[in-house]
Amino acid sequence: MYAAEVFRVFAVRGGNASPAVAPTTNCLKIAAFSTPTFRNSVNARWAKALTLCRCSVDSKSSVGDEVFSVTQSNKSDVDYLGESTKGDLNVKLEHLEAFGIDGHASLDGPIEEVARSEARKAEDLLQDLGIPSPSSSRNSPRGIFCSRTLNLRSISAIGYDMDYTLIHYNVMAWEGRAYDYCMENLKNMGFPVDGLAFDPDLVIRGLVIDKEKGNLVKADRFGYIKRAMHGTKMLSTRAVSEMYGRELVDLRKESRWEFLNTLFSVSEAVAYMQMVDRLDDGTIPADLALDYKGLYKAVGKALFWAHVEGRLKSEIMSKPELFVEPDPELPLALLDQKEAGKKLLLITNSDYLYTDKMMRHSFNRFLPNDMGWRDLFDIVIVSARKPEFFQTSHPMYEVVTGEGLLRPCFKAQTGGSAQMVENSLDIHGDEILYVGDHIYTDVSQSKVHLRWRTALICRELEEEYSALIGSRGYRESLVELISQKEVVGDLFNQLRLALQRRSKDRPAQTLAATNLDDEDLTDSMQKLLIVMQRLDEKIAPMLEADGELFNSRWGFLSRAGLWDKSHLMRQIEKYADIYTSRVSNFLYYTPFMYFRSQEQNLAHDSYTYYCSQLYNENSS
């Protein structure tokens, strides 16, 4: 057993095995990645940019300390959206005065007109430079989507999880092997597993296992269950209503509900649902005396041992190219952040030897100037034991050799181990952004206990985004049918009310409705009712099929029904300030991006908009 596996928490500082922090990496130069023609073109365009900005800079001076200043923590304020202005770049007044420039007088005309003009020039310059604008990145599968406004300039440190965050695994390969080892362990425990195979399409992230009923369910943002599967068989809408009509998913009741937080949950959920079928058909030996909850515990134990016994990770470490999907842009995105002055942290539950092997394979070949992955990070925490890492304190040990030799690092103290990291860097709370793929272990715990800013990585967003685009015409047709039923239904309801009032010898809503012939009234209602029933026959299967481009059983990841959000999406909005499909998407936004959340539509927004439009028409 390696020494790195004996202790619970380790810290790896800097880019080598010594306690000192690694020296600052040299900045990337254009020469490293481009031709002379390209460099000359870029230099000419930047000269144009400086002209547009009206900055006359001496060629001998640095376009840096002499011209700009960076807002420090002790001088920062909050902007109009309540975000810290720490890290914002400012033009030094003394520099402007030295060139006889008045910062306000140099702007001709009202600021609104100047801004419009400069915005057009900025768009043209970005196009000339061949740099995509953030708006084009935002409206793509590789966008970074904002739930809570975040000024990236004010972030002093960015922490990263590793598995399915910095490193993305081939789900079929990684989870397929985890499933195989799990099934082997189940077989050794006496379970019948012959004929079963891994089916990754059986489940998606964000579903919830009901351990009492042996079901897998999809809930909306309120916890109401919209779809359910018992074993590997989907339940009808009626069956779901009868079974869960009075129940809500409550993730706080961990004894019953198990949330599929991450892609690591796929192999466990597939194995469990398949074994539910075996329990129902009586092929599981009676002497095991299991109910659905006991069965879940047995599957979880089998998968746990698949991870603990080491064969799975040894296989992955021996042939990482079969399991890891490389991302050449990822190391460069982190390099940009580091060179922008961000402290980079790696905080993973994986052990040291596995972390080092995976990171070497995924990072080193894509880094410039003979850099290694360790050179990117100021602190590396392995075997972190999240979520406890954010809540309680454990001793930390420093890895001092490649074989995993350790020595004491931070002394245990009151508070979580994460607080030791904060104290070491003298950075706290909302100056730290933590990026991970697990809603509970990574995102919610770092936010709830430490008030860190958070980012969720959800690789499936790319496929969902494309599926939503591909489904646009289908969904528009469905919405049109529902709108037609709504109009027909409004008339039917009014006629029904008129008939009800007349049956009680009371006048209907209007004189015309009161005088409506009885036969005409019932004939109209009968026709409208038939139309609505025919529409229902069309709408119901279309609603059932909505989202099939993403997953034929469960529909879209983020939705539970045509318009409502899924329980997963509610969790993301609640705990993740920003979310995206992969870390390398930061490359398109720069380390200085100001992420602004979109307007949150309320139920009455459309009505106020309609009323304002009507008011404008009447007043004109």
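Residues numbered from 1 in each chain as written. Predicted model: local features only at pLDDT ≥ 70, side-chain atom pairs only at ≥ 80, totals over all residues. Heavy atoms only, no water.

Going by what an unreviewed UniProt entry lists, the chain is known as 5'-nucleotidase and is assigned to Glycine max. UniProt, in the comment section headed Sequence similarities (unreviewed entry), describes the chain in these words: "Belongs to the 5'(3')-deoxyribonucleotidase family." (UniProt positions renumbered as here; feature names shortened; annotations may be inferred.)

Draft legend 1. Broad picture of the overall build of the chain. Counting its regular elements, the chain contains 19 helices and 21 strands. Within the chain, the fraction of its 620 residues that count as buried is 44%. In the chain, 75% of the contacts between residues at least 6 apart in sequence involve partners at least 24 apart. Only carbon and sulfur atoms are counted for the fraction: they give 52% of the accessible area of the chain, which is about 32500 Å². (Helix = DSSP H or I, 4+ residues; strand = E, 2+ residues; numbered from the N terminus. Buried < 20%, exposed > 50% of the residue type's maximum accessible area, 1.4 Å probe, protein only. Contact = heavy atoms within 4.5 Å. Areas by Shrake-Rupley, 256 points an atom, 1.4 Å probe, with all protein chains shown as cover.)

Draft legend 2. Local environment of a nonpolar patch on the surface. A surface patch of nonpolar side chains, amounting to about 310 Å² of accessible area, comprises Phe222, Tyr224 and Leu248. Tracing the sequence through the fold places Leu248 in the loop between α6 (237–244) and β12 (257–259). (Patch = residues over 30% accessible without salt bridge, like charges linked within 9 Å, V, L, I, M, F, W, Y side chains within 5 Å. Salt bridge = Lys/Arg side-chain N within 4 Å of Asp/Glu carboxyl O.)

Draft legend 3. Geometry of helix α13 (residues 439–450). For α13, a buried count of nine out of twelve residues is recorded, marking the element as mostly surrounded by other parts of the structure. Considered for burial, the residues of α13 that qualify are Ile439, Thr441, Asp442, Val443, Ser444, Gln445, Ser446, Lys447 and Leu450. Residues of α13 that are buried in the fold lie against β12, α12 (417–425), β18 (432–436), β19 (453–457) and α18 (567–575).

Draft legend 4. Quick peek at the environment of His361. Along the chain, His361 falls in helix α11 (residues 352–363). Taking relative accessible area as the criterion, His361 reaches 18% and is therefore assigned buried. Residue contacts for His361: discarding those within four places in its chain leaves Pro320, Glu321 and Val324.

Draft legend 5. Spatial organisation of the packing of aromatic side chains. Applying the stated criterion across every chain, the model contains 17 aromatic pairs. Seen from their ring centres, Tyr434 and Trp452 are 6.1 Å apart, and the 55° between their planes marks the pair as tilted. Linking Tyr434 in strand β18 with Trp452 in the loop between α13 and β19, this pair joins segments that are 18 residues apart in sequence. For the pair Tyr434 and Trp452, a shared accessibility class is recorded, and that class is buried. Between Tyr589 and Phe595 the ring centres are 5.4 Å apart and the planes differ by 45°, which places this aromatic pair in the tilted class. Owing to a relative accessible area of 3%, Phe595 belongs among the buried residues under this scheme. (Phe/Tyr/Trp six-rings, centres within 6.5 Å; stacked < 30°, edge-to-face > 60°.)

Draft legend 6. Region of interest: the side chain of Thr580. Along the chain, the position of Thr580 falls in strand β20 (residues 578–580). The buried category is assigned to Thr580, whose relative accessible area is 3%. Among residues more than four places away in sequence, those in contact with Thr580 are Arg142, Gly143, Ile144, Leu456, Ile457, Cys458, Leu461 and Asn585.

Draft legend 7. Fine view of unusual backbone geometry. Cis geometry marks the peptide bond from Lys386 to Pro387; its omega dihedral reads 10°. The phi torsion at Asp370 lies on the positive side, around 60°, for a residue other than glycine. Along the chain, Asp370 turns up in the loop between α11 and β15 (379–382). For Asp370, a relative accessible area of 81% gives the class exposed. Although it is not a glycine, Arg385 adopts a positive phi angle of roughly 60°. Its location among the elements puts Arg385 in the loop between β15 and β16 (397–399).

Draft legend 8. Molecular detail of the pairing of strand β14 (residues 343–347). Burial analysis of β14 places four of its five residues in the buried class, the great majority of the element. Where β14 lies against β15, three bridges are found, and the strand directions are parallel. In the sheet register, Ile347 faces β15, and the bridge partner there is Ile381. Note on the crossover from β14 through α11 to β15: the handedness is right-handed. (Pairing = 2+ DSSP bridges. Right-handed = clockwise from strand over helix to strand, strands pointing away.)

Draft legend 9. Molecular detail of the environment of Leu491. Topologically, Leu491 is positioned in helix α15 (residues 472–503). Spatially, the C-alpha atom of Leu491 lies 8.2 Å from that of Leu528, the residues being 37 residues apart in sequence.

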